[in-house]
Every structure is written in C-alpha cells, then in structure tokens.
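Notes for the structure review
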Amino acid sequence: TQSDPFDLVVFGGTGDLAHRKLLPALYHREPVGHLGEDARIIAVSRRQLSDTEYRDWARKAICEHVAEVDQEALERFLARIQYVAVDVAQNTGWEALEEKLSGREDFVRAFYLSVSPDFFGPICSALGEHDLVTEKSRVTIEKPIGKNGKSAHEVNETIGSVFKEHQIFRIDHYLGKETVQNLMALRFANVLFEPLWNAAHIDHVQITVAETLGVESRAGYYDTAGALRDMVQNHLLQLLCLVAMEPPESMAPDSVRDEKLKVLKALRPMSSEMVERNTVRGQYRAGASAGGAVKGYLEELGRDDSSTETFVAAKVDIENWRWANVPFYLRTGKRLAARVSEITIQFKDLPHSIFLPDAGRIAANKLVIRLQPDEGVKMQVMIKDPGPGSMRLREVPLDMTFAEAFSSRHPDAYERLIMDMIRGNQTLFMRRDEVEAAWKWIDPILEQWSQIKEAPKPYTSGTWGPSASIALIERDGRTWHDET
Ligand code: NAD
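Definitions and limits used
Within any chain, residue numbers begin from 1 and follow the written order of that chain's sequence. Confidence filtering applies because this is a predicted model: local features only for residues at pLDDT of at least 70, side-chain atom pairs given and counted only at 80 or more, and all residues used for totals across whole chains, interfaces and linings. Heavy atoms throughout the structure, all of them, feed into the side-chain values; hydrogens and water do not. In this description a helix means any DSSP run of H or I spanning at least four residues, a strand means any run of E spanning at least two, and both kinds are numbered starting from the N terminus. Between the two quantities, the radius of gyration covers C-alpha atoms and the globule rule is 2.2 Å times the number of residues to the power 0.38. Relative accessibility decides the category of a residue: with a 1.4 Å probe and only protein chains considered, values under 20% of the type maximum give buried, values over 50% give exposed, and everything between is partly exposed. Contact criterion: two residues are considered in contact whenever any of their non-hydrogen atoms come within 4.5 Å of each other. Residues enter patches when their relative accessible area tops 30% and they take part in no salt bridge; the joining distance is 9 Å for like charges and 5 Å for the nonpolar side chains Val, Leu, Ile, Met, Phe, Trp and Tyr. Here the open area of atoms and residues is found with the Shrake-Rupley method and a 1.4 Å probe, where only the protein chains shown may cover a residue. Should a side-chain nitrogen of Lys or Arg be within 4 Å of a carboxyl oxygen of Asp or Glu, the pair is scored as a salt bridge. We call a residue near a molecule or strand as soon as one heavy atom of that residue lies within 4 Å of the molecule or strand. Polar contacts, as used here, are pairs of N or O atoms within 3.5 Å; protein pairs need one atom able to donate a hydrogen and one able to accept it. Residues neighboring in sequence count only if both atoms are side-chain atoms. Residues were grouped as follows: Ala, Val, Leu, Ile, Met, Phe, Trp, Tyr, Cys and Pro as nonpolar; Asp, Glu, Lys and Arg as charged; and all remaining residues, including Gly, as polar. Two aromatic rings, drawn from Phe, Tyr or Trp (for Trp, its six-membered ring), form a pair once their centres lie within 6.5 Å of each other, and the interplanar angle then sorts them: stacked below 30 degrees, edge-to-face above 60, tilted otherwise. The criterion is that NZ of a Lys, or CZ of an Arg, lies within 6 Å of the ring centre and within 35 degrees of the ring normal, and then a charge sits over that ring. Each domain's extent is set by a domain assignment, obtained either automatically or from a database. Here an axis means a line fitted to C-alpha atoms, over the contact stretch when the element is a helix, while the angle between two N-to-C directions is reported on a 0 to 180 degree scale. By the definition adopted for this analysis, an angle is roughly parallel if under 35 degrees, roughly antiparallel if over 145, roughly perpendicular if from 65 to 115, and oblique otherwise. With the far helix as reference, a near helix turned anticlockwise by less than a right angle produces a left-handed crossing, and one turned clockwise produces a right-handed crossing.

Turning to the overall build of the protein, a few remarks are in order. Looking only at helices and strands, the protein has 16 helices and 17 strands in total. Over its C-alpha trace the protein gives a radius of gyration of 24 Å, about what one expects of a compact globule, namely 23 Å for 484 residues. Expressed along its principal axes, the backbone C-alpha trace of the protein runs to roughly 80 × 55 × 45 Å. The 484 residues of the protein split such that 55% are buried. Within the protein, contacts between residues at least 6 apart in sequence are counted, and of these 77% link residues at least 24 apart.

Structure below.
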C-alpha cells in the first residue's frame, strides 16, 4: 500500500550503504506505487553537490545495483530526490536543511543515519537544537550500536534524549530478510512444528553465517570490531531469539520484542572458564577463496600485531524449560569455504527403530532454514527407496526453496525495513533493552578474551575455520552441517 507523504532525510547520502542498498531499495518501491505522491528523499552529506549532480550519482547507483530498471519509474523516483550539504563535524549547513523541511511538519519525517556512529550524537543534538524533530519524526540507526554495553548505553541515551523510543528504529538487516520472517511464519502459521519445538524433540540448533569475502577495504573499521561485535552481538543473537522465543501474543512490535528479550535474558552468562571452553576465535591466513589466492587478515590490515577475530564459534545455552540441555552452536567468519547463512534445527534420533540393519542408517530429521544463497526451507526426512527389494531407507529433502514457490522478485531486506520504518512499524527493529541485553551477554566474552594473552587461532582462507571450532561441536558427539 501507498505510504503517507514523507520526507526521508538520509545522512550519509553519498556513502557506500546508500549506494549499494538504500537507493536501490527505495527505487524498487517506486514502480509498485508505494511511494506516495508527496514523498521526498533528501540526501545529506558533507560534499557540496547540486540536486542534479546527486541525482546523476543516484541514477548510476540504481542502474548498477538493480537488475531491471524501468526508465519512467527511475525518472519519477529521481525527481523526488533533493540534496543538502551538512557538515556534521563542522556543524554547518543545518539552516539549509531546516529550510528544505519547513512547511512539511505534518508529514512523516524520517531521519536515516547512514554515517559513522560517532556522528549519531552530534546529528541528534543538532536536529534537536534546530527544532527539526516533529511528532511524526523517526530516526533509523545502523550498526554498530556501541562497542560494548557501556558505549551502547551511551548511544541509546544520546539518541533517547532527542527521540522517544517509539521513534527510534535500530536496524538489524537480518530481520528484514524474507527467510527470517518466514521462520516466524513457519513456526506460528503451522501446527506441525510448534509441538516439536522444544527440548523433548530437538537435539540442538546450529546457526552459521559464513562469508567468503575478507575484510578488504573495511580492514580499518573491522579491526576495531571483530566478528563477535560485528556479527554475533546483533545478527546471530537475533536469529537465535527468533528460533528460541515463545509464541508472541501477536505480531505487534512489543509482543515480539518482549519475547526476544526474554530469550536474551535467559542466555547462560559465560564465566571465564566457559569462555575458554565454549568459544573459539580465529583469524584467517592466506589461502584460496573463490578460485583465487587471497591474502591473510594481517596482510590486508598491513600490521602484524592484531588479535582481532575474523571467526567465532560458540556453544550457547538458554536457561529455560523449552531449551534446557539443547545447545545452540553459533559460528560466523570471513574467508570461509562457502558463502552460506543458515539455521539448522537438528531433531533427536528415533527412540527405537523397527527396521533391519540393512535398511541403512536412519538420520534424525533436520530442518534447514537457509538465508543465503537460495533462500528457502528444507526438511530432511527419511523415506523408503522405491523398488520391490528389501526395505531400504533414504534421507531426502522436502524442499521449499522460495524461488520455485514464488516467481516474483525477492525483495532486499532494506526495502522492507525502510518502508516499515516510514509506516512506523517497529516489529522488525531492535528495542533498546534488547540491544543492551545482548551486550550484557557479550561483554564478559570480550573481557575474557582481552585478559588471556592467547592470539586467535589461525585458519587457512577457504576452509571452515580453525580446527578448534570442529572440536567444539564434535566433543559433544555432533557435527557442523556443512552441506552447501
Ligand atoms: P561511508 O564511509 O561509505 O559513508 C559515510 C557517509 O558519511 C558519506 O556519505 C560521507 O559523505 C558522510 N560523512 C562523512 N563525514 C561527514 C561529515 N562530517 N558530515 C556529514 N556527512 C559526513 O559509510 P557506509 O559504509 O555507507 O556506512 C554508513 C553507516 O552504515 C555506518 O554506521 C556503518 O557502520 C553502517 N553500515 C554500513 C554497511 C555497509 O555495507 N556499507 C553495512 C552495515 C552497516
């Protein structure tokens, strides 16, 4: 449906995220008529550019990242865009933005902070000082939200001093992915799964987010973060919450977020002993990826004294009735053997087999929710091999790959999230207490890692990470689901 009229002010309008994600995502809403007649996009950054110069840049971004561009829709879309130069560090240019927005106080006014987190505070303060925050204002912030619990609290305080919680949209783009929302549909729109969704029937859960890329040009930023902060604190824990949460009352933002928060609070805190036993951190060395030789992390960084992890594996316990003794194994890293993000729900073995040994091994059922590539859901079940011979069993996937079920284009996470934000729906955005609860669980791990002098375990690019990660799960008699 068409949105109410809005002004979307994108700080960092000339940045990488705007180029690759925000502009293409917004453009996609044009041909389908979701951008109301009076909707405007106001790009803001430091550089002095005319509207025409910025529109040319935006046109290139869209043509580069959108497969089929409708020229008429593109022109209509570009005509909505205006550009204003504001230098946040120098505190200049705000009057021009004020002028641009004046007279449109009754419209939705959405600020998207696609800039370094150091600017979140100064931008919010300036918006407050210049009286630019209206009743219908919202603000969207990108990750990272802090570097630890304390700094996340400070960021939240700063933003919270200008915007109310219902106006603050903290993006975790994993929540905008179709498959992630499908996880909720699967669990709560079917009667099949929920009765089995607990410690009585599930042996363990795996969440893997594996990338083949290295840090490349982002090495400077990445070195201050590492995989635990960059991926686990937000994306992997959010996925864990959606798998583990109790059924919310409804899809209302606070119903869903209340349930996710309960999961975060039920994560078993990691003692220093547990950090040593249940976490593995790694750092990639030179190797081969996507068919070519690639450099190691330290070479990419240009320094040899970094102990930043580019890989993390962890065994996580959730202390509640539903998940008692059901470990969640999390794993994420760069320069791994394949680009794959998936959640595997591993059910328990049969209590008893009625088949003869020559029927073959009976694999326990497995539900694999794949986020990328080829988004979809696969249920591994046992069936009988066809034929008149003796009873032989075989594992086959019941495949629900969405590309086959739906011929339409798969929208990018940002399309969904930006429109939800403009419409004021916070269900797929992180609430303040969730972010802070996630950090509360992460902080002791960071602390323990900084205490021990041991370097992250090296792993060769193009592999599944350090062997200690394999040992982490195999010592429990389980294996990583590495099928790609
Ligand atoms: P970027 O460095 O490419 O762009 C930064 C933007 O900020 C540019 O438009 C620049 O002009 C603007 N800027 C810099 N200094 C300024 C100043 N003094 N005043 C006004 N504007 C100024 O960064 P990016 O990759 O687009 O990332 C933006 C935000 O999104 C960051 O918070 C980042 O952590 C987050 N993020 C980015 C990605 C990604 O894939 N790029 C993914 C997730 C989160």
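So much for the structure itself; the text now carries on.
What follows is about a nonpolar patch on the surface. Taken together, the side chains of Ile-354, Phe-355 and Met-391 define a hydrophobic patch exposed on the protein surface, amounting to about 290 Å² of accessible area. The residue Ile-354 is located in the loop between strand S13 (340–347) and strand S14 (366–372) in this model.

Taken together, 20 residues sit near the ligand, with Thr-14, Asp-16, Leu-17, Arg-20 and Val-115 positioned nearest. Residue Arg-20 places a side-chain N or O atom 2.5 Å away from an oxygen atom belonging to the ligand. In the environment of the ligand, a nitrogen atom lies 2.9 Å from a nitrogen or oxygen atom belonging to the side chain of Asp-87. Isolated, the ligand exposes 830 Å² of accessible area, and the fraction of that covered by the protein chains is 78%. Of the residues that constitute the shell around the ligand, the class distribution is eight nonpolar, six polar and six charged.

Okay, the packing of aromatic side chains next. Counting across every chain of the model gives 13 aromatic pairs. Taking the centre distance of 5.8 Å and the plane angle of 80 degrees together, the rings of Tyr-284 and Tyr-297 count as edge-to-face. Taken together, the residues Tyr-284 in strand S8 (residues 279–285) and Tyr-297 in helix H12 (residues 297–301) connect sequence positions 13 residues apart. When the ring of Tyr-329 is compared with that of Trp-480, the centres are 6.1 Å apart and the planes differ by 75 degrees; the resulting orientation is edge-to-face. With Tyr-329 in strand S12 (residues 328–333) and Trp-480 in the segment after helix H16 (467–474), this pair connects stretches of sequence that are 151 residues apart. As far as the burial class goes, Tyr-329 and Trp-480 line up, both buried. Within the aromatic cluster, the residues linked to one another by ring pairs are Tyr-222, Tyr-284, Tyr-297, Phe-311 and Tyr-459. Above the ring of Tyr-174, the side-chain terminus of Lys-177 is found at 4.9 Å from the ring centroid. Sitting over the face of the ring of Tyr-284, Arg-335 holds its NZ or CZ atom 5.7 Å from the ring centroid.

Let's shift gears to the domain arrangement of the protein. With domains assigned, the protein is organised as domain 1 (6–142) and domain 2 (175–410 + 431–474). Each of domain 1 and domain 2 was reduced to a C-alpha centroid, and the two centroids are 34 Å apart.

Okay, the pattern of salt bridges next. Scanning the model with the defined rule gives 40 salt bridges in all. The salt bridge partner of Asp-203 is Arg-478, with a shortest N-O separation of 2.7 Å. In this pair, Asp-203 sits in strand S7 (residues 202–210) while Arg-478 sits in the segment after H16, placing the two residues 275 residues apart along the sequence. Given the relative accessible area of 22%, Asp-203 is considered partly exposed. Residues Asp-420 and Arg-416 are paired through a salt bridge, measuring 3.2 Å at the closest nitrogen-oxygen approach. One end of the pair is Asp-420 and the other is Arg-416, both in helix H14 (residues 413–423) and four residues apart, which spans about a single turn. Taken together, the shared-partner salt bridges in this structure form one network comprising Asp-254, Arg-257, Asp-258, Arg-431 and Asp-433.

With their axes 10 Å apart at the nearest point, helix H2 (residues 51–65) and helix H3 (residues 71–79) run at an angle of 140 degrees to one another. One element, H2, and the other, H3, form an angle in the oblique class. Handedness of the crossing formed by H2 with H3: right-handed. Only Leu-74, Glu-75, Phe-77, Leu-78 and Ala-79 of H3 make contact with H2, whose side of the interface consists of Arg-55, Ala-58, Arg-59, Ile-62 and Cys-63. A breakdown of the residues in the contact of H2 with H3 according to their chemical character gives seven nonpolar, no polar and three charged.

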